[in-house]
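# An overview of the molecular structure
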Amino acid sequence: MFNCEQVLAELASYLDDEVVAEIRQELEHHLAECKTCSVIYDSTRKTIRVVTDSGSFEIPEEVSARMTKRIMAKVRETSPPESKP
Amino acid sequence: MSYFPEIDRGLNFAPFQQLREHFGIVPGLFRSQTLRPEVIEAETELLEAILLRERSLRPEQKATIALVAAAARRNGYCVAMHYQRLRELGTREEDLLLLVELRDRVSSEQPEGAALLDFAKKLSLHAGTICRADFETLSARAIPDDQVLETLLVTALGVLLCTLATGLGVKADFDPPAPLPNWDGQPSTKYQLEPRPFTTGREAGAAQGPRLCTTEPDVGEFPPFDSLRLHFGFVPGFFQAQAQRTDVLTAEVRMLESLLFQDGPLSRLQRSCILLAVSAGHFNIYWVTLLSERLRILGLSEDETRAISRDHSKSHLSGPDKALLDAAIKLTTRPSDFSRLDIDRLGALGVHPEQVIECIATAALADFLHTLQAGLGTAPDFEAAWDYLPEVEPQETEALPDINNSNPFPDEFSLTNAALDSQAGMSTTDDPDSDLVLRVQQGEMNAFEELVNRHNRKIYRILLGITGKHEEAEDGVQETFLKAFEHMGSFKGRSRFSTWLIRIAMNAGVQRMRRSRNMESLDEGVGEDDETFRPRQLRAWTDDPEQLYSKEQRRSLVERGLKALPQKYRMAVILRDIEQLSTEEAAQALQLGVPALKSRLLRGRLMLREALAPYFARGQRGGEGV
Ligand SMILES: [Zn+2]
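Residues numbered from 1 in each chain as written. Chains lettered and ligands numbered in written order. Predicted model: local features only at pLDDT ≥ 70, side-chain atom pairs only at ≥ 80, totals over all residues. Heavy atoms only, no water.

### Topic: the overall build of chain A
We count it as follows: Each helix is a run of DSSP H or I of at least 4 residues and each strand a run of E of at least 2, with the numbering of both proceeding from the N terminus. With a 1.4 Å probe rolled over the protein chains alone, any residue whose accessible area is under 20% of its type maximum counts as buried; one over 50% counts as exposed, and the rest are partly exposed. Contacts: residue pairs with any heavy atoms within 4.5 Å of one another. All accessible-area figures derive from a Shrake-Rupley calculation using a 1.4 Å probe, and residue coverage is judged against the displayed protein chains alone.
Summing up its helical and strand segments, chain A has 4 helices and 0 strands in all. When the helices and strands of chain A are placed in sequence order, the string is α-α-α-α. Considering chain A as a whole, with its 85 residues, one finds that 46% of them fall into the buried category. A sequence separation of at least 24 residues applies to 52% of the contacts in chain A between residues at least 6 apart. Of the accessible surface of chain A, which amounts to about 4,700 Å², a share of 53% is contributed by carbon and sulfur atoms.

Below, the structure written as structure tokens:
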């Protein structure tokens, strides 16, 4: 039976669904019994969800287009890339 | 059997007599160096002083440490050698097998022994990650400093032997332990070791100084110190830190005399360059600082020294000299890739076998010096030469192991950033950018424009994550794409184009941080709290956190939380949870092993969870404004 430490240690893999069956079983067993770990697991899962669809650090289309323009102007100043035969 | 011919040195060759006493035979590791008997003499002296003679630790304890170091590095030759010696010393077979398989709790009746083995394992694999906490673990178990020092020495020597064995290509003298250890077996997840390409030695160099208590040397009377003074101008702190072990110092200085201070088949200058290049490959700031000073004494210009340290291909060294450095760096940073081909390549350039052996022995010595220094934690003797450290270039590694050929090194064991190419991004047939890349390589500018369009937002976000400043991020995006364009010809599709691009961006970002003297690098910003971090907010979250706040509000909360994270955790979260790279891709981009990435990611997510909890815990609906 896993203790809380071990659950925490395996949490990263569990959250990403990357644990082997035996460990999954141990984890789920513990999570069903332990309030603390199940709160940590559930809220971390939700944290990931919130982060992923927060659109953080997204930039507007105009800014992106401006960057492309600037970069291509520089690139065209330099020589063409080494071509591959 | 090895890459080199054996010369009969006669029965009276003293080192061989010595070796026979301890091993029953003369191990092939030494027989394969008979072209360079002086080197064998120096190595044997070091072996005798550190491994074979009884001091603070008993010979079987030392052999055990060496065995664990060899097993951690997956070095079959050395495993068999130490295993055999332990058998001779009467260790129980069951215990040996456990050791070879790196199982935990080998000797639960001797916890301090197990702690030293854990320490040796970590040191042998990722010396640069050793920190004060590791020493605190040992002192908490009341392990005396002289035993810790001896563990450092034995581990460093163990690493030296592994490098020699790989470089010389020796075949095992003894039957490997039967049944053969399962190299693919699960590496204990307990050891989440991470190579830290950007900061090895920085923590050591910053403030800590020697970690072990050593008696002040009586520097007046000790001939090895005279030799060091003669060649360095003073006694470097690295040696002073070992003052209580005059026997070892004598052997170390002897080794330096035969491999560094004198001309031989290779010149002093060539040998110093090899040591410098390998130290730089390990990002060991202590040795880079000291050796660049040494090269200055030998008359090399500062620019040339810096070039050799940062990227020797840009130095003015001759072709064969560059090839020697290439071989030494490969041997020490990517030992699993090193093969007979590397030896043959040197031969084809007219490098003599004696010289090749010297190069290998010097590279092995550099590994010893690096490992030991990382353990001792000595601060640089001069102002640290940070600008001599190489940039991590976005190159793809040649000689990438075939995945079907199954690289026996699990992720955890990748020794440097360079090895990470073997970990991830292997199946790249599904790279959605491959057509565009090909067209760019054929000279089509519009295709490049399309790539810029596709990826500039992502690259911008990543750079913002590193630098925290919008202008820096924008300039970094430009720099990244220009660099990518410049290196486009060398991109061979071994990783996804986007992963490659991210790595270039990471380098650009880190360089920017260095330039702006903001030294919170990817690997800093956490110290002891690393170990003690525990989730604190334990109230359950509402079922539907997205319902509580608008998207704008959530974005603002998340950005604020991310900005407050230490950088190394922030990057892991950004790559994985915002850019949604796979675990392997994120590890590759951050130049980490998968276990290290996972541990950073978890820490980052948990810290972010703490920051968000006040807003999303039950009963907090709208309670606190955004
Ligand atoms: Zn629990």
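### A closer look at the overall build of chain B
Counting its regular elements, chain B contains 29 helices and 0 strands. Relative to its 626 residues, chain B shows a buried fraction of 61%. In chain B, the proportion of contacts linking residues at least 24 apart, taken out of those at least 6 apart, comes to 78%.

### Re the interface of chain B and chain A
Selection criterion: Buried area: the accessible surface (1.4 Å probe) lost by two parts on joining, summed over both. Should a side-chain nitrogen of Lys or Arg be within 4 Å of a carboxyl oxygen of Asp or Glu, the pair is scored as a salt bridge. Pairing of N or O atoms within 3.5 Å defines a polar contact, subject to two protein rules: one partner must be a possible hydrogen donor and the other a possible acceptor, and residues neighboring in sequence count only if both atoms are side-chain atoms.
Taken together, the 60 residues of chain B in the interface contact 47 residues of chain A. Overall, the association of chain B and chain A removes approximately 5,100 Å² of surface from exposure, summing both partners, and the carbon and sulfur fraction of that is 61%. The three residues of chain B that bury the most area against chain A are B:Glu474, B:Gln478 and B:Arg605, which together make up 11% of that side's buried surface. Remark: the boundary between chain B and chain A carries 12 salt bridges. In this structure, the connection of chain B to chain A is made through 25 residue pairs in polar contact (both at pLDDT 80 or more). Listing elements by their share of the side of chain B that touches chain A, those giving two or more residues are helix H20 (434-441), helix H21 (445-467), helix H22 (470-487), helix H25 (545-548), helix H26 (551-564), helix H27 (567-578) and helix H29 (594-616) of chain B. Looking at which element gives the most residues to the side of chain B that touches chain A, the answer is H21(B), with 11 residues.

### Some remarks on the environment of A:Val51
Along the polypeptide, A:Val51 turns up in helix H3 (residues 35-52). Ignoring anything within four residues of it in the chain, the contact list for A:Val51 reads B:Val558, B:Val573, B:Asp577, B:Ile578 and B:Leu608.

### Some points on the coordination of the zinc ion
Working reference: metal with six octahedral donors, ideal angles 90 or 180 degrees; metal with four tetrahedral donors, ideal angle 109.5 degrees. All names here are of chain A. Just so we agree on the cut-off: Only nitrogen, oxygen and sulfur atoms count as donors, using a 2.8 Å cut-off from the metal that widens to 3.2 Å for Na, K and Ca. Water is left out, so coordination shells may look unfilled. Tetrahedral means four donors with every angle between 85 and 135 degrees, whereas square planar (four donors) and octahedral (six donors) require angles over 155 degrees between opposite donors and between 65 and 115 for all others; sites fitting neither are termed irregular.
Every protein donor of the zinc ion is accounted for by Cys4 (SG), His30 (NE2), Cys34 (SG) and Cys37 (SG), and the metal-donor separations fall at 2.0 to 2.3 Å. Metal-centred angles of 104 to 112 degrees between the 4 donor atoms at the zinc ion mark the site as tetrahedral. Every donor residue of the zinc ion comes from the same chain, spaced as C-x25-H-x3-C-x2-C. Here histidine 30 matches cysteine 37 in class, with each residue buried.

### Brief notes about the packing of aromatic side chains
Residue and element names in this part refer to chain B. This is how it is decided: Ring pairs shown here join Phe, Tyr and Trp side chains whose ring centres sit within 6.5 Å, with only the six-membered ring taken for Trp; geometry is labelled stacked below 30 degrees between planes, edge-to-face above 60, and tilted in between. Over a ring means this: the NZ of a Lys or the CZ of an Arg is within 6 Å of the ring centre and within 35 degrees of the ring normal.
Inspection of the entire model under this criterion finds 17 aromatic pairs over all chains. Ring centres of phenylalanine 238 and phenylalanine 239 lie 4.9 Å apart, and the angle between their planes is 90 degrees; this geometry places the pair in the edge-to-face category. Judged on exposure class, the residue phenylalanine 238 and its partner phenylalanine 239 are both buried. Measuring from centroid to centroid gives 6.3 Å for phenylalanine 238 and tyrosine 286, while their planes differ by 40 degrees, and the two rings are tilted. Placement of the pair is phenylalanine 238 in helix H12 (residues 237-240) and tyrosine 286 in helix H15 (residues 285-297), with a sequence separation of 48 residues. The pair phenylalanine 238 / tyrosine 286 is uniform in exposure class, with both members buried. Aromatic rings pair up to connect Phe238, Phe239, Tyr286 and Trp287 into one cluster. Between the NZ or CZ atom of arginine 85 and the centre of the ring of phenylalanine 23, over which it lies, the distance is 6.0 Å.

### Brief notes about the nonpolar core
All names here are of chain B. Formally: Residues belong to a common nonpolar core when they are buried Ala, Val, Leu, Ile, Met, Phe, Trp, Tyr or Cys residues joined through side-chain atoms within 4.5 Å. Note: domain ranges come from an automatic or database domain assignment.
Counting residues in each nonpolar core, the largest one holds 121 residues, and the members touching the most others are Leu29, Phe239 and Phe368. Considering each element in turn, this core owes the most residues, 14 residues, to helix H19 (residues 353-376). Composition of this core by domain shows at least three residues from each of domain 1 (14-172) and domain 2 (219-388). Discounting residues that sit within four places of it in the chain, phenylalanine 368 has contacts with Leu46, Ile50, Leu153, Ala156, Leu157, Leu160 and Glu252. Within the second largest apolar cluster, 69 residues are counted, among which are Phe448, Phe485, Leu562 and Leu575.

### A few points about the confidence of the model for chain A
Cut-off, in case you're wondering: Confidence scores per residue from the predictor, reported as pLDDT, run from 0 to 100.
Here chain A shows a mean pLDDT of 86. Residues at 70 or above account for 92%. Averaged over each element, pLDDT in chain A is lowest for helix H1 (residues 4-15) of chain A (86) and highest for H3(A) (93).

### What to know about the environment of B:Val351
All names here are of chain B. By secondary structure assignment, the location of valine 351 is in the loop between helix H18 (340-348) and H19. With a relative accessible area of 8%, valine 351 lands in the buried category. In sequence terms valine 351 and aspartate 321 are 30 residues apart; their C-alpha atoms lie 9.0 Å from each other. The residues contacting valine 351, other than those within four sequence positions of it, are Pro320, Leu324, Leu346 and Val356.

### Here's the deal with the pattern of salt bridges
Applying the stated criterion to the full structure yields 50 salt bridges over all chains. Of the charged contacts in the structure, one is a salt bridge between A:Glu28 and A:Arg24, with a shortest N-O distance of 3.5 Å. With A:Glu28 and A:Arg24 both in helix H2 (residues 21-33), this residue pair falls 4 residues apart, about one helical turn. Among the residues examined, A:Arg24 registers a relative accessible area of 24% and is labelled partly exposed. The shortest N-O distance in the salt bridge between B:Glu358 and B:Arg36 comes to 2.7 Å. Of this pair, B:Glu358 sits in helix H19 while B:Arg36 sits in the loop between helix H2 (28-31) and helix H3 (37-52), placing them 322 residues apart in sequence. We note that B:Glu358, like B:Arg36, is buried. Each of B:Arg53, B:Arg55, B:Lys62, B:Glu150, B:Arg245 and B:Asp247 takes part in salt bridges that share partners, so that together they form one network.

### Quick word on the packing of H1(A) against H3(A)
Residues and elements named next belong to chain A. Let me state the cut-off plainly: Axis lines are fitted to C-alpha atoms, over the contacting stretch for helices. Their N-to-C directions set the angle, which ranges from 0 to 180 degrees. Roughly parallel covers angles under 35 degrees, roughly antiparallel covers those over 145, roughly perpendicular covers 65 to 115, and oblique covers all other angles. Each crossing gets its handedness from the near helix: less than a right angle anticlockwise from the far helix is left-handed, clockwise is right-handed. Only Asp, Glu, Lys and Arg are considered charged, only Ala, Val, Leu, Ile, Met, Phe, Trp, Tyr, Cys and Pro nonpolar, and every remaining residue, Gly among them, polar.
Contact geometry for H1 and H3: axes closest at 11 Å, N-to-C directions at 25 degrees. Of the possible angle classes, the one that applies to H1 and H3 is roughly parallel. Between H1 and H3 lies a crossing whose hand is right-handed. Facing Cys4, Val7, Leu8, Leu11, Tyr14 and Leu15 of H1, the residues of H3 in contact are Cys37, Ile40, Tyr41, Thr44, Arg45 and Ile48. Class assignment for the residues of the contact of H1 with H3 results in 10 nonpolar, 1 polar and 1 charged.

### Quick word on H3(A)
Working note: α-helix, 3.6 residues per turn, so residues spaced by three or four point in the same direction. Note the following rule: In a helix, the anticipated span is given by 1.5 Å times the number of residues less one.
Helix length check: H3(A) (18 residues) gives 26 Å between terminal C-alpha atoms against 26 Å at 1.5 Å per residue, within 8%. Along H3(A), the residues classified as buried are A:Cys37, A:Val39, A:Ile40, A:Tyr41, A:Asp42, A:Ser43, A:Thr44, A:Lys46, A:Thr47, A:Ile48, A:Val50 and A:Val51.

### Some words on the packing of H1(A) against H2(A)
Think of two packed helices as two axes; the pair is described by the angle between the axes and how far apart they sit. All names here are of chain A. In contact at an axis separation of 10 Å, H1 and H2 are set at 120 degrees when each is read in the N-to-C sense. The orientation of H1 with respect to H2, classified from their angle, is oblique. The two elements H1 and H2 cross, and the hand of that crossing is left-handed. Contacts between H1 and H2 involve Cys4, Val7, Glu10 and Tyr14 from the first element and Ile23, Arg24, Leu27, Glu28, His30 and Leu31 from the second. Along the lines of polarity and charge, the residues of the contact of H1 with H2 split into 6 nonpolar, 1 polar and 3 charged.

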